[in-house]
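# Fold and geometry: a report
Each chain, written out:
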Amino acid sequence: MADLSIDFAGIRSPNPFWLASAPPTNSGAQIHRAFEYGWGGAVWKTIGAPVLNISNRYGSLTLGGRRMLAINNVELISDRPLDVNLREIAEIKRLWPDRAVIVSAMVDADPQAWKDIVMMIEDTGADGIELNYGCPQGMSERGMGAAVGQVPEMCQLNTHWVTSVTKLPVIVKLTPNITHIVDPAHAALAGGAHALSLINTINSVTRVDLDTLLVSPSIGGRGTHGGYAGPAVKPIALNMLTELMTDEGVLRSGVPISGMGGIATWRDAAEFLLLGATSLQVCTAAMQHGYRIIEDLTDGLSNWMDDHGFKTIADVTGKSLPQMSTFGGLDLSHQSVARIDQNKCIGCDLCYAACNDTAHQCIDLVSPDGVTVDPGYDMRTNGRQVADTRPRPVVRENDCVGCALCANVCPVDGCITMVTVPSGRQSITWDELTAQRPEIAQSWAAMQAYREEVGIEIH
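This is a predicted model, so every value here is computed, not measured. (Residues numbered from 1 in each chain as written. Predicted model: local features only at pLDDT ≥ 70, side-chain atom pairs only at ≥ 80, totals over all residues. Heavy atoms only, no water.)

On to the packing of aromatic side chains. Evaluation of the coordinates by the stated rule reveals four aromatic pairs. With a centroid separation of 5.3 Å and an interplanar angle of 80°, the aromatic rings of Phe8 and Trp18 are classed as edge-to-face. You can see Phe8 sitting in strand 1 (residues 6-8) and its partner Trp18 sitting in strand 3 (residues 17-19), a full 10 residues away along the chain. Residue Phe8 is classed as buried on the basis of its relative accessible area of 0%. Given the relative accessible area of 0%, Trp18 is considered buried. Look at Phe35 and Trp96: their rings are 5.6 Å apart centre to centre, the planes differ by 70°, and that puts the pair in the edge-to-face class. Highlighted residues: Phe35 in helix 1 (residues 28-37) and Trp96 in the loop between helix 2 (82-95) and strand 7 (100-106), separated in sequence by 61 residues. Like Phe35, the residue Trp96 is buried in the burial classification. (Phe/Tyr/Trp six-rings, centres within 6.5 Å; stacked < 30°, edge-to-face > 60°. Helix = DSSP H or I, 4+ residues; strand = E, 2+ residues; numbered from the N terminus. Buried < 20%, exposed > 50% of the residue type's maximum accessible area, 1.4 Å probe, protein only.)

Encoded structure:
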C-alpha cells in the first residue's frame, strides 16, 4: 500500500489532505471531528484583526442541475475572539500531535501587529503559519488579504516581518486575482517564505435573481463581490500551479507548494500532485459533503498510486510537469483526427452541430444506405423507427483539423477519441520555424508560401 505521509517544509502529516482555512476549520470542535474522520491536517480559519460578519454569506453556481459547482463566499476571517481561537488551537495540537495544525493569519501591514500575532501562534504549539494574502472581499478594502498579495513589494515586506521573528515554517497563500502569479511568489520567497500555497478565491458575482432582480447573496437588499471557489476554479488553479512549478526562480528555491482550488475527488488530488503540489487543501467539497469525504480521497489516491507503482507522494509530485510547454514549443507537425465509435454513438448529433456551426465542418451525417443527408428526423416515418433510420455522424478525416470540439461535447465517454495520425511533415515548433524563417511571422504571403511548401491546406 502506498505511503501517503508527507513532510511539507518540516510540517509532517499522515496524508496530504488538509482542510483549507475557511468555515470548515472555524473551531476546535470542528477540527477535532475532522481529524477523527482521518484528515491529515487543517489550516485554521484565519485569525487576526477584529471583524464583524454579515448574514447571509454564500451564493453558488448551479449548472445543468448540478449544485455547488462553485461557491461565492462573502464571509470574512474568524469573528470568534482571538483568545478562544488560540486556546482551541493549543488544545487541538495537544490532542492530535501527529496531524498538521497550521494557523492562517491576517493583520494590518505593520511589523508590530505581525510580531504580536506570530508570538501568540507560536505559543499554541502549532506546526506552521499561513499568511493570508488572498481574501478578495472585505479585508482587502482594509489593506489586508488580496491588497497585500496583489502588490509584490507589500508581499515581500509583510513576509519578511513574519519570517524575521518566528522559527515556524511560514507558508504564503497567494491570490489568483493578479495578472502574473509568479511576481508575488518571487516576492514571498524574497521575504523568506518557506512554502507557498495557491489558489485563494477569485473575485466573483455569481448571479442575479430574475424574479426579484436581487444580486445573490443578498444582504438586506444589497450585494457585493465575493470569493469564488469549488470545482469550477480547478483549471485556473492547475494553470497557476504549473506557472510556479515551471518557473526557474521557484524551482531553484526548492520550496514546496500546497495546492488548492476545486479539489473534490481523489482524481483532482492526483492532478494537483502530478503538476507539482506536495500538500492538498480542500474546502468547498467538505462544505458540500462533510468531513466524511476524506475516506474516499485517501482510499482513491492510495489505490491509484498502487496501480501505477508509486510508493510515496514524492514519487508522484511533478511527474507530469515535463510535458508543460509554451505555445512556441509545441510541435506544429503533430496531427490528430476525431474518430467516432459507431457502436457507442447514441445519434444525438451534438458533434455534428458543434463541428458544422462552430468549428471546421468536417462531420457528415450519413444515412444507413451510405448517403450524406441533412440533419433532422426522417419525416417519412412520422417519428417511428427513428433509431433505425437516423443518419450517423461520420468524420471526413482529410478535412479534420483535430480541434477536439466534437470529443468534448459528446455526452458518451469513449465514443469520440482523438487519434494521432501521420502528417507527413517534419517536426518543427513555432519558435524553431520563426527563428529559421522570421518572415513567416511577418507576412501572410510568406506564411502561404510555407503552407504550400509543406502541404498545409486551410479550409
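Here the focus is the packing of helix 3 (residues 111-124) against helix 5 (residues 152-163). For the pair helix 3 and helix 5, the least separation of the axes is 9 Å and the interaxial angle reads 45°. Compared by their axis directions, helix 3 and helix 5 come out oblique. In this structure, helix 3 meets helix 5 at a crossing whose hand is right-handed. Judged by residue contacts, Pro111, Trp114 and Val118 of helix 3 engage Asn158, Trp161 and Val162 from helix 5. Residues belonging to the contact of helix 3 with helix 5 are distributed by class as follows: five nonpolar, one polar and no charged. (Axes fitted to C-alpha atoms, helices over the stretch in contact; angles between N-to-C directions. Parallel < 35°, antiparallel > 145°, perpendicular 65-115°, else oblique. Left-handed = near helix turned anticlockwise from the far one by under 90°. Contact = heavy atoms within 4.5 Å. Nonpolar A, V, L, I, M, F, W, Y, C, P; charged D, E, K, R; others polar.)

Let's shift gears to the pattern of salt bridges. All chains considered together, the criterion is met by 15 salt bridges. With its nearest N and O atoms 2.9 Å apart, the salt bridge here joins Lys45 to Glu75. A residue pair is termed long-range when its members are at least 10 positions apart, and Lys45 in strand 4 (residues 41-48) and Glu75 in the loop between strand 6 (66-73) and helix 2 qualify at 30 residues. With a relative accessible area of 6%, Lys45 lands in the buried category. (Salt bridge = Lys/Arg side-chain N within 4 Å of Asp/Glu carboxyl O.)

On the surface, a nonpolar cluster with roughly 290 Å² of combined accessible area is contributed by Phe327, Leu330 and Leu332. By secondary structure assignment, the location of Phe327 is in the loop between helix 12 (313-316) and strand 17 (336-340). (Patch = residues over 30% accessible without salt bridge, like charges linked within 9 Å, V, L, I, M, F, W, Y side chains within 5 Å. Areas by Shrake-Rupley, 256 points an atom, 1.4 Å probe, with all protein chains shown as cover.)

Another point: the packing of helix 1 against helix 2. Between helix 1 and helix 2, the shortest axis-to-axis distance is 9 Å and the interhelical angle comes to 20°. The pairing of helix 1 with helix 2 is recorded here as roughly parallel in orientation. Considering how the two elements wind past one another, helix 1 and helix 2 form a crossing that is right-handed. Residues Gly28, Ile31, His32 and Phe35 of helix 1 form the contact with helix 2, whose participating residues are Glu88, Ile92 and Leu95. Classifying every residue of the contact of helix 1 with helix 2 gives four nonpolar, two polar and one charged.

Quick look at helix 3 now. In this model helix 3 runs 20 Å from its N-terminal to its C-terminal C-alpha over 14 residues, within 8% of the 20 Å that 1.5 Å per residue would give. Residues of helix 3 that are buried: Trp114, Ile117, Val118, Ile121 and Thr124. The arc enclosing the buried residues of helix 3, seen along the axis, measures out at 105°, which places them on a common side. Close packing links the buried residues of helix 3 with strand 4, helix 2, strand 7, strand 8 (128-132) and helix 5. Of the residues that open helix 3, the one with a side-chain oxygen 3.1 Å from the backbone nitrogen of Gln112 is Asp110. One or two positions beyond helix 3, positive phi appears at Gly125, with a value near 85°. (Expected span 1.5 Å × (residues − 1). Arc of directions from axis to C-beta. Polar contact = N/O pair within 3.5 Å; in protein donor to acceptor, adjacent residues only side chain to side chain.)

In short, geometric facts, not functional conclusions.
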